[in-house]
Amino acid sequence: MQRVGDRDPRIGMCLDLGHTIRYGGNCVSDIYLYHDRIFDIHFKDVTGDTRAGTTWEMGRGIMDYAPIVKARRNVGYTGV
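Residues numbered from 1 in each chain as written. Predicted model: local features only at pLDDT ≥ 70, side-chain atom pairs only at ≥ 80, totals over all residues. Heavy atoms only, no water.

Enquirer: If you had to explain the overall build of the chain to someone new, which residues and values would you point to?
Expert: A tally of regular secondary structure across the chain gives three helices and four strands. In sequence order, the secondary structure elements of the chain are arranged as β-α-α-β-β-β-α. Computed over the C-alpha atoms, the radius of gyration of the chain is 13 Å, within 12% of the 12 Å expected from 2.2 N^0.38 for a compact globule of 80 residues. By residue count, 29% of the 80 residues in the chain fall in the buried class. For the chain, long-range pairs separated by at least 24 residues make up 61% of all intrachain contacts whose partners lie at least 6 apart in sequence. (Helix = DSSP H or I, 4+ residues; strand = E, 2+ residues; numbered from the N terminus. Rg over C-alpha atoms; globule rule 2.2 N^0.38 Å. Buried < 20%, exposed > 50% of the residue type's maximum accessible area, 1.4 Å probe, protein only. Contact = heavy atoms within 4.5 Å.)

In C-alpha cells form, the structure reads like this:
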C-alpha cells in the first residue's frame, strides 16, 4: 500500500494470509485497514509465524480463521 495508496483506487491487492502471518502482520487488522483495496484473498494455512513457516492445509496450521472470516464479513468483502 505504500507504493499504490495514492494512486487510482482500482489498483488493489491480493491479501495473502500466509505471507502476512509469516512476516509478523495481522490478517484481521489488514482486512480492516485495506478492505477497499483487497480484490482477492489467498486463503491458506502455515506451520509457523516466522519466515521458516511453510504453507499447510487450512485447519492444520496455526491460523485462526474465525476472526478473519468475521472481519471479511464486517467490511462487506465481495472479492474472490
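Having seen the structure, we can now continue with the description.
Enquirer: Explain helix α2 (residues 27–34) to me, and be specific about the residues and the numbers.
Expert: When we look at burial in α2, the residues that qualify are C27, D30 and I31. Seen from one end, α2 has its buried residues packed into an arc of 105 degrees, which puts them on one side. Here the buried face of α2 lies against β1 (13–16), α1 (17–22), β2 (38–42) and α3 (65–74). Two or three places before V28, at the start of α2, stands the capping residue N26, its side-chain oxygen 3.0 Å from that residue's backbone nitrogen. (Arc of directions from axis to C-beta. Polar contact = N/O pair within 3.5 Å; in protein donor to acceptor, adjacent residues only side chain to side chain.)

Enquirer: Residues and numbers for the pattern of salt bridges, please.
Expert: Under the counting rule described, the total for this entry stands at three salt bridges. For D16, the salt bridge identified is with K44, shortest N-O distance 3.3 Å. Note that D16 is positioned in strand β1 and K44 in the loop between β2 and β3 (45–46), a separation of 28 residues in sequence. Like D16, the residue K44 is buried in the burial classification. The salt bridge partner of E57 is R60, with a shortest N-O separation of 3.4 Å. On the basis of relative accessibility, which here comes to 53%, the residue R60 falls in the exposed class. (Salt bridge = Lys/Arg side-chain N within 4 Å of Asp/Glu carboxyl O.)

Enquirer: Explain the nonpolar core to me, using residue names and the numbers behind them.
Expert: Core analysis: the biggest nonpolar cluster contains 13 residues, and L17, M63 and I68 have the highest contact counts within it. Contributions of two or more residues to this core are made by α1, α2, β2 and α3. The leading source of residues in this core is α3, at three residues. Residues contacting L17, with those up to four places away along its chain left out, are C27, I41, H42, F43, K44, M63, Y65 and I68. (Core = buried A, V, L, I, M, F, W, Y, C linked by side-chain atoms within 4.5 Å.)

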